[in-house]
Amino acid sequence: MKIKHILVASIFASSAVWAADDVVENPVTESGVVKVEWQDPSSFRDIRAASDIQSRFEKRTFDQITKNLNKEASRILEPEQKLELVVTDLDLAGDVRPTFGATPNDLRVVKDIYPPRITFSYKVLEGDKVIMAGDEKLTDMGFMYSINKMNDKPYRYENALLTSWLKKTVAPKL
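Residues numbered from 1 in each chain as written. Predicted model: local features only at pLDDT ≥ 70, side-chain atom pairs only at ≥ 80, totals over all residues. Heavy atoms only, no water.

A. A look at the nonpolar core. Membership of the largest hydrophobic core comes to 30 residues, with the highest contact counts inside it found for Trp38, Leu69, Leu83, Leu90, Ile118, Phe120 and Trp165. At the level of secondary structure, the elements contributing two or more residues to this core comprise strand S2 (34-38), helix H2 (54-76), strand S3 (81-91), strand S6 (117-126), strand S7 (129-139) and helix H4 (156-173). In this structure leucine 69 touches Val34, Val36, Leu83, Leu85, Leu162 and Leu166, once residues within four positions along its chain are discounted. (Core = buried A, V, L, I, M, F, W, Y, C linked by side-chain atoms within 4.5 Å. Buried < 20%, exposed > 50% of the residue type's maximum accessible area, 1.4 Å probe, protein only. Helix = DSSP H or I, 4+ residues; strand = E, 2+ residues; numbered from the N terminus. Contact = heavy atoms within 4.5 Å.)

Listed below in structure tokens is the structure:
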């Protein structure tokens, strides 16, 4: 009996040491002219997975948003320019709600009271020279009324928010 307790205690002690050695990782995604550093995703307001493993959901979310941002930024930036972002907070449109066993997964409920939000700093580089920089805190309170209802692309609200920012803030200054 004592051996069981000693084994259980040693497992808890060793897992606590492993947890202490874990370093918070800031994933970086790159696509074409865009590089995004996602700073401490565990502290983001809402990036909860509804029906997937959290780490896979985060990776897919970050990759999709970066790819779409690259698609839009490559239309605005000159060939030798690059856009770099450091995202400090992300709140996906909607809210994850439990189903209490009615379905095997939770559900993301998208309502106008849960708008997409993103906070980041950015810089536009031309070679090694910074030609534009700033900090942004974006929210789209009318997100439910500005997107085509037939659009079923993932992260469409977040992508529309960033596309609008690119067109209204970055493009005129370049």
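B. The packing of aromatic side chains, seen in detail. If you walk through the whole model with that rule in mind, you get 7 aromatic pairs. Measuring from ring centre to ring centre gives 4.2 Å for tryptophan 38 and phenylalanine 62, while their planes differ by 10 degrees; the resulting arrangement is stacked. Pair noted here: tryptophan 38 is in strand S2 and phenylalanine 62 is in helix H2, with a separation of 24 residues, a long-range link. For the residue pair tryptophan 38 and phenylalanine 62, the accessibility class agrees, reading buried in each case. Taken together through their ring pairs, the aromatic side chains of Trp38, Phe44 and Phe62 make up a single cluster. (Phe/Tyr/Trp six-rings, centres within 6.5 Å; stacked < 30°, edge-to-face > 60°.)

C. Fine view of the sheet that holds strand S1 (residues 28-31). Pairing is mixed in the open sheet, where 5 strands are placed in the order S1-S2-S3-S6-S7. Edge strands, defined here as strands with exactly one partner in the open sheet, are S1 and S7. The sheet shows a mean angle of 15 degrees between the axes of neighbouring strands, taken without regard to direction. Across 5 bridges, the pairing between S2 and S3 is parallel. Residue pairing for S3: valine 36 is matched across the bridge by leucine 85. Contacts between H2 and the sheet are confined to S1, S2 and S3, with S2 contributing the most and set at about 150 degrees to the helix. Here H4 sits on the sheet in contact with S3, S6 and S7, set at roughly 140 degrees to S7. (Pairing = 2+ DSSP bridges. Axes fitted to C-alpha atoms, helices over the stretch in contact; angles between N-to-C directions.)

D. Main features of H4. The first and last C-alpha atoms of H4 sit 25 Å apart over 18 residues, in line with the 26 Å expected at 1.5 Å per residue. Along its length, H4 shows its largest kink, about 35 degrees, at leucine 166. When we look at burial in H4, the residues that qualify are Tyr157, Glu158, Asn159, Leu161, Leu162, Thr163, Trp165, Leu166, Thr169 and Val170. Buried residues belonging to H4 abut H2, S3, S6, S7 and helix H3 (143-146). (Expected span 1.5 Å × (residues − 1). Bend = angle between axes of the 7 residues up to and from the residue.)

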